[in-house]
Amino acid sequence: MDLNTEMDHMSTNDKGLDPLMLLDQFFELWNNDGLKMLHLAAIQGFPKLSEPLEALLTILERCPGKQKGRNHTLGSHILMEFQTWIKEHPQVSLNSISEDRAVELQIRALGLLTDIQPDFVDGLINIYQLESLDPSILCLHIVKLQTLRCYKEAITLSIKFELQTELNPEEMLVPLILQDKLQLAESFVKGHSHLEQRLVMLLDSWCHPDFNLEDIRKHFPQLSLSKHYAAQVQPKLLTRHVYRLMEKFKIDQSLCPNALHKRRLDTLRYLMFKRFGEKTMTEENWTDHVQYVVADDLQLQVHLVEMLVKYSCLQKAAQWSLRYKIPRNRLPLGVWETQQSLPPDQQQICSDPITPEEWVPPQSHCQKFYQVPLTKDKVYFIDTLETLHRCQSIVLKEGGIVGLDMEWQPTFGCASSQKVSLIQLAMLDQVFLLDLSAKAFCQQPDLLGFIRALYSEPNILKLGYSMSGDLKCLSATWPELSEEPLKMEGFLDLLRVHQKIQCGKVNQLPSGPREVLVGEDSAEKGLSLLVQQVLGKPLDKTQQMSNWEKRPLRISQIRYAVADAYCLLDVFSTLYSDPASFGLPADLRSITSGQSETRKDKKQKEKKGKKTEQALGKEECQGAQRVTPSHSDKVKGLLCGKLPPEDSPPLPPQQLRVVCDNMLQGLGRYLRCLGVDVVMLENSDDHRVAAQLAQAEGRVILTCGQPFQTLRSQVGEGRCLSLDCSEKARDQAIQVLRHFNVQPSPSDIFSRCQACNSDQYVAIPRADMVTMLKDKGFLQDHNTEGMLEKSCQQEELRLNDTVTLSTTPEPPRYATQCRWASLSGLDRDTLTFPGGSPIQLHTVPPGLLQRIPLFYVCTRCGKVFWEGSHFDRVLSMFQEVLHVTDEDSISAAGQ
């Protein structure tokens with residue numbers, strides 16, 4: 001029986017074709033992949049239905065759901081065919097039936113809207129005119145979907161029906177946030193200012209220190225959450241979302257006090273570490289930033305004093321507590337007594353240098369850092385129209401070369417945007433500093449006109465380094481640039497040139513040619529590293545994070561600003577005169593212009609390899625290539641981000657250098673405890689910092705989510721690895737180790753400081769630790785002191801003078817890969833190491849001293865460690881990737 005005969009047979013009764021019989025016909029054709037025959041059956045069958053609109057619902061209600069291996073359901077195909085048919089039969093509509101009957105069909109159609117396929121949803125809405133239903137009926141259906149835990153479907157329909165203002169926002173938004181669907185939540189509130197504000201304030205309320213996730217779960221008992229749901233409500237991640245949405249929806253910061261406090265507290269911790277841990281920030285800069293971050297927040301003021309006490313800075317703690325007039329009952333132990341002992345002239349905090357600065361720095365500074373070959377009278381401040389016109393007449397001459405740089409006030413993520421404070425324009429014989437902190441001058445139309453003219457002039461070569469950040473800050477300074485962006489002609493971004501050098505093999509320095517690897521051990525990075533590689537000395541970056549809004553600028557700030565722009569001229573001159581020595585083409589400007597073609601080629605290659613990648617089911621470094629199996633080539637290839645050969649021996653973890661995005665700090669901590677050289681971005685760092693570190697220090701970027709595409713485009717081949725954020729940090733660490741063929745051993749565990757990544761420790765016997773704790777007032781219980789003295793005497797007899805201040809004790813069995821320093825380098829008065837970091841005595845519990853004979857202290861940050869159960873836990877967690885020898889097993893068994 002052919003199809004026509006069968007259709008005639010099914011429609012012999014007077015009531016028209018039975019919709020269920022038509023569904024059977026559809027289903028048989030669907031299972032046999034007869035889509036063309038299904039189309040023909042639909043064309044012939046729909047006209048024979050006595051009530052097509054009701055019959056369609058009957059068919060769709062009985063259609064099976066989504067089947068494995070098919071992108072669409074049978075119902076969606078039938079609906080698509082019905083839409084095509086109804087266009088040619090406009091008489092089939094709700095207008096042709098009674099109002100009550102139409103509402104009945106609409107409610108039935110509404111019940112089918114549990115599918116989120118756009119074609120299916122839109123088809124039902126259009127055919128049955130569901131927008132005309134009473135909003136209360138639509139809202140009831142949305143609530144029903146919520147009850148059925150169809151949260152995504154509920155949000156999708158509420159947006160389509162524009163019901164956002166009719167629904168409870170918390171009931172709609174909370175399940176989405178907890179299920180990592182914040183983007184859908186943003187779509188729900190978009191365009192409704194009061195809902196946008198509610199979403200941001202909701203996220204901010206979760207940033208409060210007393211927030212308890214269990215309270216949310218009790219309110220939503222039906223909510224099914226994955227085992228990783230808690231990661232979506234971590235204060236760090238929530239704070240980042242709050243700041244992003246405040247900028248996106250133009251929300252007043254005062255409405256988000258918890259996120260603001262969290263970000264400022266994190267920044268304060270960072271500043272403490274930079275000043276007293278790394279010792280890389282000057283007293284003046286630190287003081288300026290602390291005042292900006294702490295402001296008039298009493299809680300932060302108290303935190304500041306507490307942190308200073310922990311860093312053994314009791315006098316500073318007393319001075320800051322006096323400045324902020326902190327009540328005595330809020331002061332840590334010893335601060336009030338120190339206040340009383342301070343003479344009047346030491347009660348004030350002085351942020352300016354005591355001795356006047358000279359333009360020419362000390363000889364030691366000149367020998368160590370790059371110096372600008374200009375006297376102070378060749379540096380001009382531009383803050384009036386008169387001086388601007390003089391500057392313009394010199395800078396805009398055709399054929400010139402200009403070193404271009406900018407400075408802005410660091411906000412450490414506490415502000416949504418950063419405005420430019422200073423623009424440096426370096427010419428061969430003079431430097432102009434455009435002072436944008438002068439508001440009246442900054443708002444002059446002639447100034448913006450000058451910037452537009454300079455940027456668009458193709459016959460003036462403008463040199464910069466990583467200029468994308470400059471453009472963003474310029475747009476924040478002049479909002480009109482967002483509407484009419486700068487036209488950029490005649491630019492050479494030396495970052496691109498630097499990347500080319502880093503991928504090369506040789507570099508010409510004044511002392512002669514030598515090989516420069518990407519992963520070479522160097523404290524310098526970014527532009528400073530390029531200056532060191534090309535000119536022989538790095539930049540002094542001490543003033544980089546200074547207060548660029550404060551006037552007048554210090555001499556050291558001016559000197560830094562001038563050097564940052566003028567060095568671009570010197571670097572370009574050296575590279576231009578002998579590009580081959582640096583592995584560069586004769587035309588340096590071709591490096592930048594070729595980037596777009598390279599990206600296009602890479603995208604085409606990625607599209608071709610996408611199916612292959614999916615088949616392999618592995619997350620691999622994009623563009624990773626195999627290298628030769630020799631050990632030196634293998635190490636060098638790894639530093640360049642390339643994968644080692646499959647048949648080559650494993651690498652030790654010390655030879656893998658990575659930078660972890662701030663979304664993967666848990667991964668970074670695990671890799672670091674296994675001996676991998678790991679730099680982790682701070683909470684307030686932009687993702688671009690990862691690219692800068694990768695470029696400057698030869699590190700591989702580990703990231704996840706959306707930043708991957710952006711970061712991958714900024715670094716060389718195979719230098720960026722994307723991981724699954726939903727995986728546990730342990731599983732991510734195992735994936736990274738296997739990906740790069742790195743096999744740690746038990747002796748690598750804890751070979752690096754978990755706080756600062758250093759691999760150098762000093763061993764301190766218990767007796768010396770007790771003495772230090774006593775001297776600094778951390779041991780005040782006389783009974784405890786007596787017991788410890790007895791234990792120390794017994795320990796000294798047992799050791800028989802084998803552990804003294806002048807000798808280095810044997811390192812622990814699991815840290816033979818680290819370096820050991822002598823205690824003789826410790827300043828016994830201040831208990832600080834040569835780098836300036838004090839021992840963090842406040843972290844040593846007194847009750848621990850009776851059973852721990854030896855402590856290990858990081859010489860970079862002062863963190864104190866001791867042998868405990870952590871080693872066994874790490875050994876157990878990573879036993880599947882650790883290389884354990886018989887000697888390791890015997891050693892472990894003997895413990």
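Bear in mind the structure is a predicted one, so any value in this text is a computation, not a measurement.

**Student:** Explanation requested: the overall build of the protein chain in the structure shown.
**Tutor:** Looking only at helices and strands, the protein chain features 39 helices and 16 strands. Per-residue burial over the protein chain gives 50% buried out of 895 residues. Contacts spanning at least 24 positions in sequence make up 68% of the contacts within the protein chain whose residues lie at least 6 apart. About 43500 Å² of surface is accessible on the protein chain, with carbon and sulfur atoms providing 50% of the total.

**Student:** Where do I start with helix α14 (residues 235-249) in this structure?
**Tutor:** Working note: α-helix, 3.6 residues per turn, so residues spaced by three or four point in the same direction. Between its terminal C-alpha atoms α14 stretches 20 Å, which fits the 21 Å expected from 15 residues at 1.5 Å a residue. Every buried residue of α14 is accounted for by Leu237, Leu238, Thr239, Arg240, Val242, Tyr243, Leu245, Met246 and Phe249. For α14, the elements touching its buried residues are α11 (182-189), α12 (193-205) and α15 (257-277). Lys250 sits one or two positions beyond α14 and adopts a positive phi of about 60 degrees.

**Student:** Sorry if this is basic, but what is going on with the sheet that holds strand β13 (residues 760-765) here?
**Tutor:** Neighbouring strands of a sheet are bound in pairs by backbone hydrogen bonds; such pairs are parallel or else antiparallel. Ordered by their spatial adjacency, four strands build an open sheet running β14-β13-β15-β16, and the pairing between neighbours is mixed. Lying at the two open borders of the sheet, with one neighbouring strand each, are β14 (819-821) and β16 (864-865). On top of the sheet, helix α36 (residues 766-775) reaches β13, β15 (854-858) and β16; it is set at about 85 degrees to β13, its chief contact.

**Student:** Please explain the pairing of strand β11 (residues 700-703) as it appears in this structure.
**Tutor:** Residues in a regular strand project their side chains so that they alternate between the two faces of the sheet. Alternating positions in β11 separate into two faces, Val700 and Leu702 on one and Ile701 and Thr703 on the other, with burial throughout. Sheet topology places strand β9 (residues 657-660) next to β11; three bridges connect them, and they run parallel. By the bridge assignment for β11, Cys660 is matched with Leu702. Taken together, the three bridges between β11 and strand β12 (residues 720-722) define a ladder with parallel strand orientation. Across the sheet, residue Leu702 finds its bridge partner in β12, namely Leu721.

**Student:** Looking at this model, I keep getting lost on the side chain of Arg657. Mind explaining?
**Tutor:** Along the chain, the position of Arg657 falls in strand β9. A distance of 2.8 Å separates a polar side-chain atom of Arg657 from the backbone oxygen of Glu697.

**Student:** Quick question: what am I supposed to make of the sheet that holds strand β1 (residues 379-382) here?
**Tutor:** With mixed pairing, six strands are arranged side by side in an open sheet as β1-β4-β3-β2-β5-β6. A single partner strand is all that each edge strand has here, and the edge strands are β1 and β6 (491-493). The mean inter-strand angle of the sheet, taken between neighbouring strand axes irrespective of direction, is 25 degrees. Relative to β6, strand β5 (residues 461-464) runs parallel, the two sharing three bridges. Pairing of Lys462 across the sheet is with Phe491, part of β6. Against the sheet, helix α26 (residues 494-503) touches β5 and β6, its axis set at about 40 degrees to β6.

**Student:** Looking at this model, I keep getting lost on the packing of helix α10 (residues 169-178) against α12. Mind explaining?
**Tutor:** Any two packed helices are characterised by the angle at which their axes cross and by the distance between the axes. It is at 11 Å that the axes of α10 and α12 come closest, and there the two elements cross at 50 degrees. As summarised for this structure, α10 and α12 are arranged oblique, according to the angle between their axes. Note on packing geometry: the crossing formed by α10 with α12 is right-handed. Contact residues: α10 offers Pro169, Glu170, Leu173, Val174 and Ile177, while α12 offers Leu195, Arg198, Leu199, Leu202 and Leu203.

**Student:** How should empty space enclosed by the protein be read in this particular structure?
**Tutor:** Over the atoms rolls a probe the size of a water molecule, and in doing so it shows where empty space is left. By the definition in use, this model includes one cavity of 30 Å³ or more. The volume enclosed by the largest cavity comes to roughly 40 Å³. Along the walls of the largest cavity sit Lys236, Thr239, Arg240, Lys262, Arg263, Asp266 and Asn683, which together make up its complete lining. Sorting the residues of the lining of the largest cavity by element identifies α14 and α15 as the ones contributing at least two each. Taken together, the residues of the lining of the largest cavity break down into no nonpolar, two polar and five charged.

**Student:** What exactly am I supposed to notice about the packing of aromatic side chains here?
**Tutor:** By convention here, two paired aromatic rings are described through the distance between centres and the angle between planes. For the structure shown, the criterion picks out 19 aromatic pairs. For the pair Phe82 and Trp85, a centre-to-centre distance of 5.5 Å together with 50 degrees between the ring planes defines the contact as tilted. Placement of the pair is Phe82 and Trp85 together in helix α5 (residues 74-87), with a separation of three residues, close to one helical turn. Residues Phe82 and Trp85 agree in their burial class; the two are buried. Ring-pair connections join several aromatic residues into one group, and the members of that group are Phe276, Trp286, Tyr311, Trp320 and Tyr324.

**Student:** Please explain the pattern of salt bridges as it appears in this structure.
**Tutor:** Should the charged atoms of two oppositely charged side chains come close, the side chains can pair. Enumeration over the complete set of coordinates arrives at 24 salt bridges. When the shortest N-O distance is used, the salt bridge between Arg108 and Glu54 registers 4.0 Å. Remark: Glu54 occurs in helix α4 (residues 52-61) and Arg108 occurs in helix α6 (residues 99-111); sequence separation between them is 54 residues. Exposure remark for Glu54: the relative accessible area of 23% places this residue in the partly exposed category. Close ionic contact of Arg244 with Glu186 constitutes a salt bridge, the shortest N to O distance being 2.7 Å. Of the two residues, Arg244 is situated in helix α14 and Glu186 in helix α11; the sequence distance between them amounts to 58 residues. Look at the salt bridges and you will find they share partners, linking Glu51, Glu54, Glu61, Arg62, Arg101, Glu104 and Arg108 into a network.

**Student:** Which parts of the structure should I look at to understand the nonpolar core?
**Tutor:** The biggest cluster of nonpolar side chains holds 85 residues, and the ones touching the most others in it are Phe26 and Tyr128. Look past the residues within four positions of Phe26 in its chain and what remains in contact with it is Leu38, Ala41, Ala42, Phe46, Ile59, Leu74 and Ile78. Grouped together as the second largest cluster of nonpolar side chains are 42 residues, Leu461, Leu492, Ile558 and Ala563 included.

**Student:** I keep staring at the pairing of strand β3 (residues 420-426) and nothing clicks. Help me out?
**Tutor:** Across the seven residues that make up β3, a large majority, seven, are buried. Here six bridges tie strand β2 (residues 401-408) to β3, and the two strands are oriented antiparallel to one another. Each bridged residue has a counterpart across the sheet, and for Met406 the counterpart in β3 is Ile423. Note that β3 and strand β4 (residues 431-435) share five bridges and pair antiparallel. By the bridge assignment, Leu425 is partnered in β4 with Phe432.

**Student:** For this particular structure, what's the right way to read the environment of Tyr465?
**Tutor:** Of note, Tyr465 is situated in the loop between β5 and α24 (468-477). Residue classification places Tyr465 among the buried residues on the basis of a relative accessible area of 14%. For Tyr465 and Leu527, which are 62 residues apart along the polypeptide, the C-alpha to C-alpha distance reads 6.8 Å. Among all residues touching Tyr465, those that are not within four sequence positions of it are Asp493, Leu494, Leu495, His498, Gly526, Leu527, Leu530 and Leu568. A distance of 2.8 Å separates a polar atom in the side chain of Tyr465 from a polar atom in the side chain of His498. Of note is the side chain of Tyr465, whose polar atom sits 3.5 Å from the backbone oxygen of Gly526.

**Student:** Would you take a moment to explain unusual backbone geometry for this structure?
**Tutor:** Excluding glycine, residues mostly carry a negative phi; peptide bonds, for their part, are mostly trans. With an omega of 0 degrees, the peptide bond running from Arg551 to Pro552 counts as cis. Notably, Lys325 is not glycine yet its phi reads approximately 50 degrees, a positive angle. Along the chain, Lys325 turns up in the loop between α18 (314-324) and α19 (335-341). Positive phi values are uncommon outside glycine, yet Asn741 reaches one of about 55 degrees. With respect to the helices and strands, the residue Asn741 is situated in the loop between α35 (729-739) and β13.

**Student:** What exactly am I supposed to notice about the side chain of Thr411 here?
**Tutor:** For Thr411, the position within the fold is in the loop between β2 and β3. A distance of 3.5 Å separates a polar atom in the side chain of Thr411 from a polar atom in the side chain of Gln418. Not counting the four nearest positions on each side in its chain, Thr411 is found in contact with Tyr292 and Gln418.

Here is what the cut-offs are and how they apply
Residues numbered from 1 in each chain as written. Predicted model: local features only at pLDDT ≥ 70, side-chain atom pairs only at ≥ 80, totals over all residues. Heavy atoms only, no water. Helix = DSSP H or I, 4+ residues; strand = E, 2+ residues; numbered from the N terminus. Buried < 20%, exposed > 50% of the residue type's maximum accessible area, 1.4 Å probe, protein only. Contact = heavy atoms within 4.5 Å. Areas by Shrake-Rupley, 256 points an atom, 1.4 Å probe, with all protein chains shown as cover. Expected span 1.5 Å × (residues − 1). Pairing = 2+ DSSP bridges. Axes fitted to C-alpha atoms, helices over the stretch in contact; angles between N-to-C directions. Polar contact = N/O pair within 3.5 Å; in protein donor to acceptor, adjacent residues only side chain to side chain. Parallel < 35°, antiparallel > 145°, perpendicular 65-115°, else oblique. Left-handed = near helix turned anticlockwise from the far one by under 90°. 1 Å grid on protein atoms, 1.4 Å probe; cavity = no way out; pocket = protein on both sides within 12 Å on 5 of 7 lines; lining within 4 Å. Points joined across faces, edges and corners; volume = space filled by probe spheres on them. Nonpolar A, V, L, I, M, F, W, Y, C, P; charged D, E, K, R; others polar. Phe/Tyr/Trp six-rings, centres within 6.5 Å; stacked < 30°, edge-to-face > 60°. Salt bridge = Lys/Arg side-chain N within 4 Å of Asp/Glu carboxyl O. Core = buried A, V, L, I, M, F, W, Y, C linked by side-chain atoms within 4.5 Å.

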